[in-house]
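# Residue-level structural notes
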Amino acid sequence: MEYTIKALAELAGVTPRTLRWYDQQGLLRPLRTTEAGYRIYGPSQVERLQDILFYRELGLSLTAIRALLDDPAFDRLTALQSHLAELRKRRDHLNGLILTVQKTIDEQQGGTPMSDHEKFEAFKRRAVEANETQYGKEIREKYGDAPMDRANTCVLSLTEEEYRQWNALGEDIRASLAQAVRSGQDPAGPEGQRIAALHRRWLSYSWESYTPEAHAGLGQMYTADSRFTAYYDHETPGCAAFLQSAIAAYVKSARS
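Here is a short report on the structure shown in this document. All figures in this text were calculated on a predicted structure; none of them were measured in a lab.

With that settled, the discussion passes to the overall build of the chain. The secondary structure content of the chain amounts to 12 helices and three strands. Within the chain, buried positions represent 34% of all 256 residues. For the chain, the proportion of contacts with a sequence separation of at least 24, taken over those separated by at least 6, is 60%. Element-wise, carbon and sulfur atoms account for 53% of the exposed surface of the chain, whose accessible area totals about 15100 Å².

So, in structure tokens, the structure goes:
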């Protein structure tokens, strides 16, 4: 079946302006354009739009989506299975939050008191799932399952205060990176090395033991994989490269 831009926009729940923008960005070309200049979309464009919207729901940028969909190795069935797995994780996370809220309400109404562990279990599990999504596959392939499993266990074992400190430290690192990049700081300079040291402290919450080699390897992954780069470059491009260079300098100094 074929659709005009208006019909496809209504079908997908987006605006015609969005589809025009996707066309301009080379993300979703129409099947053809009529002599009158109207865009016409066919079945393959419908499927591609569905894929685009799936990836947008997962938080990917349009640039990253285009790179994925245009990759000759892209396999739609594999991608859909990955989407399904991620959506199930999100559902489980929401179910955990719902249960936590229900228990909290019950406690407030004079019911069974919640332990501190119960109050933060859902949040920590979400952090573990996000870590698996971002780093799991690559770390497991490079270092094996044991380090990743230990890291997950460490996060789930954090106390309320440790969990708060871990999150606050992560926010401090991202804010410091953005400021350092915008102000043209040297990754090997004092500020860059302060950030690298903060990053090492941040890792200590999820790593049983620290090694310079593993730290440097993680830093390299931040620039070697576009998904990792997007995490740090979300608001200020260049943060991932700055952090990688800062870690490399930090590790080199630690070894000397």
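Okay, back to it.
By size, the foremost hydrophobic cluster in this structure holds 28 residues, and its most contacted members are Ile173, Leu177, Ile195, Trp202, Tyr222, Tyr232 and Leu243. When residues of this core are traced back to their parent elements, those giving at least two are α8 (160-182), α9 (190-204), α10 (212-224), α11 (226-232) and α12 (239-255). Looking at this core element by element, the count peaks at eight residues for α12. With 16 residues, the next largest nonpolar core counts Ile5, Tyr22, Leu69 and Ala79 among its residues.

For α9, spanning 15 residues, the distance from its first C-alpha to its last is 21 Å, which sits close to the expected 21 Å at 1.5 Å a residue. Summarising the contacts, the buried residues of α9 are in contact with α8, α10, α11 and α12.

Tracing the sequence through the fold places His199 in helix α9. When its relative accessible area of 0% is taken as the criterion, His199 is described as buried. Excluding anything up to four places from it in sequence, His199 contacts Ile173, His215, Leu218, Tyr222, Tyr232, Leu243 and Ile247.

In space, the three strands of this open sheet follow the order β1-β3-β2, with antiparallel pairing throughout. Looking along the sheet, the strands with just one partner apiece sit at the ends: β1 (3-4) and β2 (32-33). As judged from the two bridges shared by β1 and strand β3 (residues 39-41), these two strands associate in the antiparallel manner. Bridged to Tyr3 within β3 is Tyr41.

Here we take up the packing of aromatic side chains. Tallied over the full model, the rule gives four aromatic pairs. Sitting over the ring of Tyr210, Arg200 keeps its end group 3.8 Å from the ring centre.

As a further point, take the environment of Ser61. Structurally, Ser61 can be placed in the loop between α3 (43-57) and α4 (62-70). A distance of 3.1 Å separates a polar atom in the side chain of Ser61 from the backbone nitrogen of Ala64.

The next thing to look at is the pattern of salt bridges. Two side chains with opposite charge may pair up if their charged atoms get near one another. Overall, the coordinates contain nine salt bridges when judged by the stated rule. A salt bridge links Asp70 to Arg48; its shortest N-O distance comes to 2.9 Å. Of this pair, Asp70 sits in helix α4 while Arg48 sits in helix α3; the two residues are 22 residues apart in sequence, bridging distant segments of the chain. Here Arg164 makes a salt bridge to Glu161, at a shortest N to O gap of 2.5 Å. Here Arg164 and its partner Glu161 are both found in helix α8, three residues apart, which amounts to about one turn of the helix. Through salt bridges with shared partners, a single network forms among Asp23, Arg29 and Arg39.

The rules behind the values
- Residues numbered from 1 in each chain as written.
- Predicted model: local features only at pLDDT ≥ 70, side-chain atom pairs only at ≥ 80, totals over all residues.
- Heavy atoms only, no water.
- Helix = DSSP H or I, 4+ residues; strand = E, 2+ residues; numbered from the N terminus.
- Buried < 20%, exposed > 50% of the residue type's maximum accessible area, 1.4 Å probe, protein only.
- Contact = heavy atoms within 4.5 Å.
- Areas by Shrake-Rupley, 256 points an atom, 1.4 Å probe, with all protein chains shown as cover.
- Core = buried A, V, L, I, M, F, W, Y, C linked by side-chain atoms within 4.5 Å.
- Expected span 1.5 Å × (residues − 1).
- Pairing = 2+ DSSP bridges.
- Phe/Tyr/Trp six-rings, centres within 6.5 Å; stacked < 30°, edge-to-face > 60°.
- Lys NZ or Arg CZ within 6 Å of the ring centre and 35° of its normal.
- Polar contact = N/O pair within 3.5 Å; in protein donor to acceptor, adjacent residues only side chain to side chain.
- Salt bridge = Lys/Arg side-chain N within 4 Å of Asp/Glu carboxyl O.

Nothing here speaks to function; it is all geometry.
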